[in-house]
Amino acid sequence: MDAVKFVQEQNITKKDFPEFQAGDNVEIVYNIVEGGKERPQAFRGDVIKWSGEGATKTFTVRKISHGVGVERIFPINTPNIIEIKVLKRGKVRRSKLYYLRALVGKRAKIKEKRTYK
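Residue numbers here run from 1 along each chain, matching the order of that chain's written sequence. Per-residue local features are limited, in this predicted model, to residues with pLDDT of at least 70; the limit for side-chain atom pairs, both in listing and counting, is 80 or more; totals at the level of whole chains, interfaces and linings are taken over all residues. The basis for the side-chain values is all heavy atoms of the structure; hydrogens and waters are excluded.

Looking at the overall build of the protein chain
Helix and strand labels come from DSSP, where a helix needs a run of H or I of at least four residues and a strand needs a run of E of at least two; each type is numbered from the N terminus. The helix and strand inventory of the protein chain stands at one helix and five strands. Projected onto its principal axes, the C-alpha positions of the protein chain cover 45 × 40 × 35 Å. Taken across its 117 residues, the protein chain has 29% of its residues classed as buried. Throughout, a contact is declared for two residues whenever any of their heavy atoms are within 4.5 Å. Restricting to contacts in the protein chain with at least 6 residues of sequence separation, those with at least 24 account for 50%. Here, Shrake-Rupley sampling with a 1.4 Å probe gives the accessible areas, and only protein chains in the shown set may cover a residue. In the form shown here, the protein chain has an accessible surface area of approximately 8800 Å², with 50% of it arising from carbon and sulfur atoms. Burial classes: relative accessible area under 20% of the type maximum marks a residue as buried, over 50% as exposed, and values in between as partly exposed (1.4 Å probe, protein chains only).

Notes on the pattern of salt bridges
Salt bridges, as used here, are contacts in which a Lys or Arg side-chain nitrogen is within 4 Å of a carboxyl oxygen on Asp or Glu. Tallied over the full model, the rule gives six salt bridges. Of the charged contacts, one joins Asp 24 and Arg 89 as a salt bridge, the two residues approaching to 3.1 Å between their closest N and O atoms. One end of the pair, Asp 24, is in the loop between α1 (2-11) and β1 (25-34); the other, Arg 89, is in the segment after β5 (81-88), and 65 residues separate them in sequence. Residue Arg 89 is classed as partly exposed on the basis of its relative accessible area of 34%. In this structure, Glu 27 engages Lys 85 in a salt bridge whose closest nitrogen and oxygen atoms are separated by 3.7 Å. Here Glu 27 is found in strand β1, whereas its partner Lys 85 is found in strand β5, with 58 residues between them in sequence.

The structure is reproduced here in structure tokens:
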């Protein structure tokens, strides 16, 4: 089991992304390949879950686009992710926020965690 983890860690390209968790509002800039061209595209939404471990670690981001909920799963170790910005820290009490799928409008908002300096 340790040999498998060792090989996976050797294949991972480490990037310095900020620490974020479920409930945080993030903007992910990643490369889109259309035909033979590549271009960066931003996806802004709330992190609703983290899953996996090591090389297979992923996180899911949910946003509302024209009244329709859109979720996208991002592997944290992919070379396609250019940048991750944490816009707001969310005040949540769960690690998996699946209940947001059933909510619309103002109820689907996550409260912002206050930070004091």
